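Structural features, examined
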Amino acid sequence: MVKIAHISDLHFSGNQENRQLGSLDRLLDHFNTEGFDHLVISGDLSNNAAPAEWRIVREKLESHGFYHWEKATVVAGNHDLINLEEEMRFYNALNPLPLARKKAFDRKLKAFCVFFQELITGEERGDNAFPFVKIINYPSVKIAFAALNSVYPWYPADNPLGARGSISTGQLRALRVERVLFSLKECFVIGLCHHAYKVYGTDSLIDQAFDWTMELKNREEFLGLMKVMHAKLVLHGHFHRFQSYSVDGITFINGGSFRYNPLCYSELLVDGQGSSTQKFVQLP
Ligand SMILES: [Fe+2]
Ligand SMILES: [Fe+2]
C-alpha cells in the first residue's frame, strides 16, 4: 500500500502566522508518524505570490524531511503567481500590452519552478517547468504524477480576479506524445493541477455571477488528456472545499483549504492491484 497525503491552499502570507505554522508542523509530524510515502500540495502555498512566502512552505517541508523529489510534489496556484493588487496598479499606471503581461507572468512561473526545482527534477538547480511527469517505483506499484500548471495570467476582461484557469496548449500537447504515454504503461497515473474540473455553483445570484471567474476554461481538453493518459485520479484545490467527485470514471479530489481547516487532509491509499481508496482525515 502506498500512502499519499494531499493538502491545498495554505495561503501563507507572512512569518507572523504562528498558529498556522504550528498546524503545518503538526500535520507534517503526523504524516511522518503515520508513514506517508508522498505529500501533494495542489497550489496556493502563498497568498501574495511572494518568494518569501514560498520559502515558508519550503522550509517546513525541509525541516520535516519532505523536501525531496520522491517525498513531495507541488503545483502552483493563482495566489503563487499573481498579486492582484500589484497587477492592477501596474495596469492602471502603464497599461502594458497583453504580450508584456504574458512575459511577466511566464517569468513568475519560471521563478516558482526554479524555487521548487528539487521537487520537479530532484536536482537543486535548473529551470525545468510544467508540465512534468514524476514516476516513482514503489515495491508494490509504480505511481506517475502528471503535473500541469493551470494558472492563467491576469487580464482585466478575461481574468479579472486572476482566479480563472487555463492549461496551455503546449502543456496539453507535451503530455500527449507517444514517448510520454509509453512511459506511463503499468503506472497508476495521478493528474495534478490547481483548478477544479467541476464548476462549483451556488444558489446565490451574486455568487453565480462570479462562477466563471474561478473556472478552468478548457476543462474538457484537460479531461480529454487525463483520459488519454489513463489517469485514475486528479488532485486539485482552488475552491476551498474538501470534496471528491467523479467524471467519466476519473475521481477528482479537491484537497480543500489548509487556510480554513488546517488540521484536515486527504488520505489516499494505492494498492498493488491498481485500486485506491480516499478519505478526508481530521486531526483532533
Ligand atoms: Fe486558494
Ligand atoms: Fe486558487
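Preceding block: the structure.
Below is a summary of the structure that appears in this document. Owing to the predicted nature of the structure, the values given are computational and were not obtained by experimental measurement. (Residues numbered from 1 in each chain as written. Chains lettered and ligands numbered in written order. Predicted model: local features only at pLDDT ≥ 70, side-chain atom pairs only at ≥ 80, totals over all residues.)

Broken down by element type, the protein carries 10 helices and 11 strands. Taking 2.2 N^0.38 as the reference for a compact globule, 284 residues should give roughly 19 Å; the C-alpha atoms of the protein span a radius of gyration of 18 Å, in line with that estimate. Considering only intrachain contacts with a sequence separation of at least 6, the fraction spanning at least 24 residues in the protein is 71%. (Helix = DSSP H or I, 4+ residues; strand = E, 2+ residues; numbered from the N terminus. Rg over C-alpha atoms; globule rule 2.2 N^0.38 Å. Contact = placed C-beta atoms within 7 Å.)

What follows covers the nonpolar core. Grouped together as the largest cluster of nonpolar side chains are 67 residues, with contacts concentrated most on Ile-143, Ala-146, Ala-147, Val-189, Ile-190, Leu-192 and Ala-231. Non-local contacts of Ala-231, meaning those with residues more than four positions away in its chain, are made with Ala-146, Val-189, Ile-190, Gly-191, Met-226 and Ile-250. (Core = buried A, V, L, I, M, F, W, Y, C linked by C-beta atoms within 7 Å. Buried ≥ 20, exposed ≤ 12 C-beta atoms within 10 Å, placed from the backbone.)

What follows concerns the sheet that holds strand β6 (residues 187–192). With mixed pairing, 6 strands are arranged side by side in an open sheet as β4-β5-β6-β7-β9-β8. Two strands close off the open sheet at either side, each with one partner strand: β4 (132–137) and β8 (242–247). Recorded for the sheet is a direction-independent mean angle of 20° between the axes of neighbouring strands. Where β6 lies against strand β7 (residues 231–236), 4 bridges are found, and the strand directions are parallel. In the sheet register, Leu-192 faces β7, and the bridge partner there is Leu-235. (Pairing = 2+ DSSP bridges. Axes fitted to C-alpha atoms, helices over the stretch in contact; angles between N-to-C directions.)

Sheet architecture is open: 5 strands sit in the order β3-β2-β1-β10-β11, paired in mixed fashion. Sheet topology places β3 (72–74) and β11 (276–282) at the edges, where each strand pairs with a single neighbour. Strand after strand, the sheet turns through a mean of 20° between neighbouring axes, direction not considered.

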